[in-house]
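One letter stands for each residue in the lines below.
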Amino acid sequence: MQKKLLDWFDRNKRTLPWRTTRTPYRTWISEIMLQQTRVETVIPYFLRWMELFPDVATLAASDEQSVLKCWEGLGYYHRARALHQTAIIINQTMGCVFPSDPKVMQKLPGIGRYTAGAIASIAFGIRAAALDGNIRRVYSRTADISLPLRSSECEKILWQIADELLDPDRPGDYNEALMDLGNAICTSLNPHCESCPIKPFCH
């Protein structure tokens, strides 16, 4: 399953601005922006953000109003405030170096288990599982889980599956492949099962 999914990803992965140049900072900003927001909406915001705040030091030195102004229209403004607060913490206590340890990341404002796993795997190549809405849907279908997706019991099962199935050699690509699969093929309505690279493994 891992090989088939990664082969599909290598042929079909989306061209996205945060993927063209990989840095922990760019990955972090994109993951926070993508929470509860569509990719198409995020792209122009991400590009503008990088022009104004290209790195942790610049973001940390900026005032909150400038940050919120740049964020205007994305909603959930606590996300922007958390980005600013985290940049200040990294600047003041970590020598402006983004931490690679997911457990350390989760102690920072606005970074939960999913975001820490995504950043660690994508930006650092660390074997860390991620579980966003797309990945939840893919795994709940492949494993034929009928529990409510956000229930604690379902979450426990899905995280276990995510940990067990994570590709050890390409964890970041594997997590992004699941995200792209959920976005393009294993959609919430009318999924394109006939085109799914992991159809033989789906229950």
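The shown structure was predicted, so the numbers you read here are calculated from the model rather than taken from an experiment. Every chain's residues receive numbers from 1 upward, in the order its sequence appears when written. At least 70 in pLDDT is required for a residue's local features to be given in this predicted model, at least 80 for side-chain atom pairs to be given and counted, and no such filter applies to totals for whole chains, interfaces and linings, which use all residues. Processing note: side-chain calculations cover all non-hydrogen atoms of the structure and skip hydrogens and water entirely.

Run through the pattern of salt bridges, naming residues and quoting values.
Salt bridges are counted wherever a side-chain nitrogen of Lys or Arg sits within 4 Å of a carboxyl oxygen of Asp or Glu. Following the criterion strictly, the structure yields twelve salt bridges and no others. When the shortest N-O distance is used, the salt bridge between K69 and E72 registers 3.3 Å. Think of it in three bands: with a 1.4 Å probe and only protein chains considered, a residue is buried below 20% of the maximum accessible area for its type, exposed above 50%, and partly exposed in between. Note on K69: relative accessible area 56%, which makes it exposed. For E72, a relative accessible area of 44% puts it in the partly exposed group. Connected via shared salt-bridge partners are R14, R19, R22, E176 and D180.

Can you break down the layout of surface pockets residue by residue, with the values?
One simple way to see leftover space: roll a probe sized like a water molecule over the atoms. When its volume is computed, the largest pocket comes out at roughly 840 Å³. Any residue with an atom within 4 Å of a point lines the site, the site being either a cavity, points on a 1 Å grid over the protein atoms alone where a 1.4 Å probe fits but cannot get out, or a pocket, an open set with protein on both sides within 12 Å along at least 5 of 7 lines. Residue lining of the largest pocket: 29 residues in total, with L34, Q36, D132, G133 and N134 positioned closest to the centre. In this description a helix means any DSSP run of H or I spanning at least four residues, a strand means any run of E spanning at least two, and both kinds are numbered starting from the N terminus. Breaking the lining of the largest pocket down by element, the ones donating at least two residues are α2 (17–20), α3 (24–34), α4 (39–52), α9 (113–124), α10 (133–142), α11 (152–165) and α12 (171–184). Asp, Glu, Lys and Arg are counted as charged, while Ala, Val, Leu, Ile, Met, Phe, Trp, Tyr, Cys and Pro are counted as nonpolar; the rest, among them Gly, fall into the polar class. Looking at the lining of the largest pocket residue by residue, the classes come out as eight nonpolar, nine polar and twelve charged. Grid points are joined across faces, edges and corners, and a volume is the space filled by probe spheres set on the points. Space inside the second largest pocket adds up to approximately 160 Å³. Every residue lining the second largest pocket is counted, 13 residues in all, and those nearest its centre are P102, Q106, R113, A128 and A129. When contributions to the lining of the second largest pocket are tallied by element, the ones reaching two or more residues are α8 (102–105), α9 and α11. Sorting elements by how many residues they give to the lining of the second largest pocket places α9 first, with three residues. By residue class, the composition of the lining of the second largest pocket is six nonpolar, two polar and five charged.

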